[in-house]
Amino acid sequence: MPAGVEGALTLSIGMRVSPEPSGIELLRRYNVALNYAINRILSLNLKTIKDVHRVLYRELREWFGLSSRIAIDCYRDALANAKAWRRNPHKGKRPRVKKLSMLLHQGSGYRIEDGYVEIIGGIRMKIIGWDRRYDQYENREARLVCREGEMVLWISKRIPRPEQYKPRDAIAIDINERKTVYGNHEINKDIGTAVDRAYK
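Please read all numbers here as calculations on a predicted model, not as lab measurements.

Caption draft 1: How the structure looks around the overall build of the chain. The helix and strand inventory of the chain stands at 4 helices and 11 strands. On C-alpha atoms alone, the chain measures out to a radius of gyration of 26 Å, which is more than a quarter above the 16 Å that the 2.2 N^0.38 rule sets for 200 residues. In the chain, 59% of the contacts between residues at least 6 apart in sequence involve partners at least 24 apart. Total accessible area on the chain stands at roughly 13400 Å², and carbon and sulfur atoms take up 51% of it. Taking the average place of the 38 positive charges on the side chains of the chain and the average place of its 24 negative ones, the gap between the two points comes to 8 Å.

Caption draft 2: Expanded view of a nonpolar patch on the surface. Among the surface-exposed residues, Ile171, Ile173 and Ile175 lie close enough to one another that they form a single nonpolar patch of about 370 Å² accessible area. By secondary structure assignment, the location of Ile173 is in strand E9 (residues 172-175). Judged by its relative accessible area of 60%, Ile173 falls in the exposed class.

Caption draft 3: Spatial organisation of the pairing of strand E4 (residues 110-113). In this structure, E4 lies alongside strand E5 (residues 116-119), joined through 4 bridges in antiparallel fashion. Across the sheet, residue Ile112 finds its bridge partner in E5, namely Val117. Counting the residues between successive antiparallel strands, the hairpin from E4 to E5 contains 2 residues, one of them, Asp114, with a positive phi of roughly 50°.

Caption draft 4: Structural context of the environment of His185. Of note, His185 is situated in the loop between strand E10 (179-183) and strand E11 (188-192). According to the relative accessible area criterion, His185 is exposed, its value standing at 69%. Here the alpha-carbon distance between His185 and Gly14, two residues 171 residues apart in the chain, equals 45 Å.

Caption draft 5: Spatial organisation of the packing of aromatic side chains. Throughout the structure, instances matching the rule amount to 2 aromatic pairs. Ring geometry for Tyr36 against Phe64: centres 5.5 Å apart, planes inclined by 50°, an arrangement best described as tilted. Of this pair, Tyr36 sits in helix H1 (residues 21-43) while Phe64 sits in helix H2 (residues 49-64), placing them 28 residues apart in sequence. On the basis of relative accessible area, Tyr36 is assigned to the partly exposed category, the value being 23%. Among the residues examined, Phe64 registers a relative accessible area of 14% and is labelled buried. Site record: aromatic cluster; members linked through ring pairs are Tyr36, Trp63 and Phe64. Over the ring of Tyr116 we find Arg124, and its NZ or CZ is 4.0 Å from the ring centre.

Caption draft 6: Looking closely at the nonpolar core. Judged by nonpolar contacts, the single largest core of 43 residues is most densely connected at Leu60, Leu66, Met102, Ile119, Leu144 and Leu153. The greatest single-element share of this core, amounting to 10 residues, is contributed by H1. In contact with Leu153, not counting residues within four places along its chain, are Ile13, Gly14, Met15, Leu104, Tyr110, Val117, Ala142, Arg143 and Leu144.

Caption draft 7: Geometry of the pattern of salt bridges. For the structure shown, the criterion picks out 13 salt bridges. Here Glu118 makes a salt bridge to Arg111, at a shortest N to O gap of 2.9 Å. Between Arg133 and Asp131 there is a salt bridge, with its nearest N and O atoms 2.6 Å apart. Arg133 sits in the exposed class, given a relative accessible area of 57%. Where salt bridges share partners, they join Arg69, Asp73, Arg76 and Glu141 into one cluster.

Reading the values: the criteria
Residues numbered from 1 in each chain as written. Predicted model: local features only at pLDDT ≥ 70, side-chain atom pairs only at ≥ 80, totals over all residues. Heavy atoms only, no water. Helix = DSSP H or I, 4+ residues; strand = E, 2+ residues; numbered from the N terminus. Rg over C-alpha atoms; globule rule 2.2 N^0.38 Å. Contact = heavy atoms within 4.5 Å. Areas by Shrake-Rupley, 256 points an atom, 1.4 Å probe, with all protein chains shown as cover. Lys, Arg positive; Asp, Glu negative; His and termini not counted. Charge placed at Lys NZ, Arg CZ, Asp CG, Glu CD. Patch = residues over 30% accessible without salt bridge, like charges linked within 9 Å, V, L, I, M, F, W, Y side chains within 5 Å. Salt bridge = Lys/Arg side-chain N within 4 Å of Asp/Glu carboxyl O. Buried < 20%, exposed > 50% of the residue type's maximum accessible area, 1.4 Å probe, protein only. Pairing = 2+ DSSP bridges. Phe/Tyr/Trp six-rings, centres within 6.5 Å; stacked < 30°, edge-to-face > 60°. Lys NZ or Arg CZ within 6 Å of the ring centre and 35° of its normal. Core = buried A, V, L, I, M, F, W, Y, C linked by side-chain atoms within 4.5 Å.

Here you go:
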């Protein structure tokens, strides 16, 4: 669903890619690292990106084998999940992310080239299909999702907000059992229905 900012709309465009084993393995490592990071952020009551970077960056790199950019995106993702849980007035257990989903930064995290999506670390996934209507707009952050054996890269794009449509005229229609009435500020016409004939 599009989200609006002043003068622009933000859309998520789905791009189906081939489910490469290396990509699925990276998603699984990212998921374990993400849940670890969420627990550390909540246990240590970390609230700023600076504090989270100081505590988690090296651990995510060394313990989970994430590249520099993906480690940064992972703890940003974890901090967003932790903040959402803290804001929830009906929070229960600590959040745990189950679905395979990974945040990717455009350029340093992923890029699209020659019919392939390339993720930092040398993972290439063939593009199977996507909506080409918005290709002229800049790619922003993306989220790679794997569900039931299918992989989709959801790319965020910002497009100009279309001008508000101003109708030249308006017609009102009121459909009732015995007649249909239509018109505008100048005319008002009604057409009888066949309900009486149907009764007979």
